[in-house]
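These are the residues of each chain, in order.
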Amino acid sequence: MAIVAANVITAAFAPLIAGPMVIPYGTFLIGVTFILRDLVQHHFGRMKTYVVIILALVCSAISSYLLGDTLYIVFASSIAFILSESSDTEIYSRLSLPMAWRVWWSGLVGGLLDSVVFVVIGLSPLGAGMVPWEAVPMAILSQILVKTALQGCGALIVKEFPGMFPELR
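Asks: I'd love a proper account of the environment of I82, names of residues and values included.
Replies: Residue placement: I82 occurs in helix α4 (residues 71-94). I82 sits 60 residues away from V22 along the chain, and the two C-alpha atoms are 24 Å apart. Among all residues touching I82, those that are not within four sequence positions of it are I53, I54 and L57.

Asks: Can you break down the packing of aromatic side chains residue by residue, with the values?
Replies: A full pass over the atoms with the stated rule returns 3 aromatic pairs. Between W104 and W105 the ring centres are 6.2 Å apart and the planes differ by 70°, which places this aromatic pair in the edge-to-face class. Overall, W105 belongs to the partly exposed group, its relative accessible area being 39%. An aromatic cluster of at least three residues, connected via ring pairs, comprises F13, Y25 and F28. When the ring centre of Y92 is taken as reference, the NZ or CZ atom of R37 above it lies at 5.6 Å. When the ring centre of Y92 is taken as origin, the NZ or CZ atom of R102, which lies over that ring, is 4.0 Å away.

Asks: Can you explain the side chain of N7? Please cite residues and give values.
Replies: The topology assignment puts N7 in helix α1 (residues 2-12). Among the polar contacts made by the side chain of N7, one reaches the side chain of S63 at a distance of 2.8 Å. Ignoring sequence-local partners within four residues, the contact set of N7 consists of S60, S63, S64 and L67.

About the cut-offs
Residues numbered from 1 in each chain as written. Predicted model: local features only at pLDDT ≥ 70, side-chain atom pairs only at ≥ 80, totals over all residues. Heavy atoms only, no water. Helix = DSSP H or I, 4+ residues; strand = E, 2+ residues; numbered from the N terminus. Contact = heavy atoms within 4.5 Å. Phe/Tyr/Trp six-rings, centres within 6.5 Å; stacked < 30°, edge-to-face > 60°. Buried < 20%, exposed > 50% of the residue type's maximum accessible area, 1.4 Å probe, protein only. Lys NZ or Arg CZ within 6 Å of the ring centre and 35° of its normal. Polar contact = N/O pair within 3.5 Å; in protein donor to acceptor, adjacent residues only side chain to side chain.

Shown next as structure tokens:
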């Protein structure tokens, strides 16, 4: 649901402009998807998480297309999603750390991959051409900063409020 909501929000609202940073509002929900994915994996296991990732990928691609995104954007979003969510899943699975640190590190890598792949394949002149090459680094950095902040908040919530997630004890 979060990924579809991110597509709808991005289509409905102009991006947030903060100085040189341009941040689509859907970026905020994309950052949350990594935390939600970790919770799904913790509760249901790795294999069921991959089923959820595939279902979310299909829903995301369909919603993105129906909202009028170009095929470049749909393709880039799909590639970024599968790479970032899969890396998040595998990193989360392999770390022998407390839950909060697994949420942090897996989401950090997932968010980095998602940002770079989506901007370069989808938005740059290589893709839809919505962002010129000189603006690509700031577009990537803007998304990474938002997703990293959200990962930090998610990891902190998991660490500081374990009662909210009794299954995580």
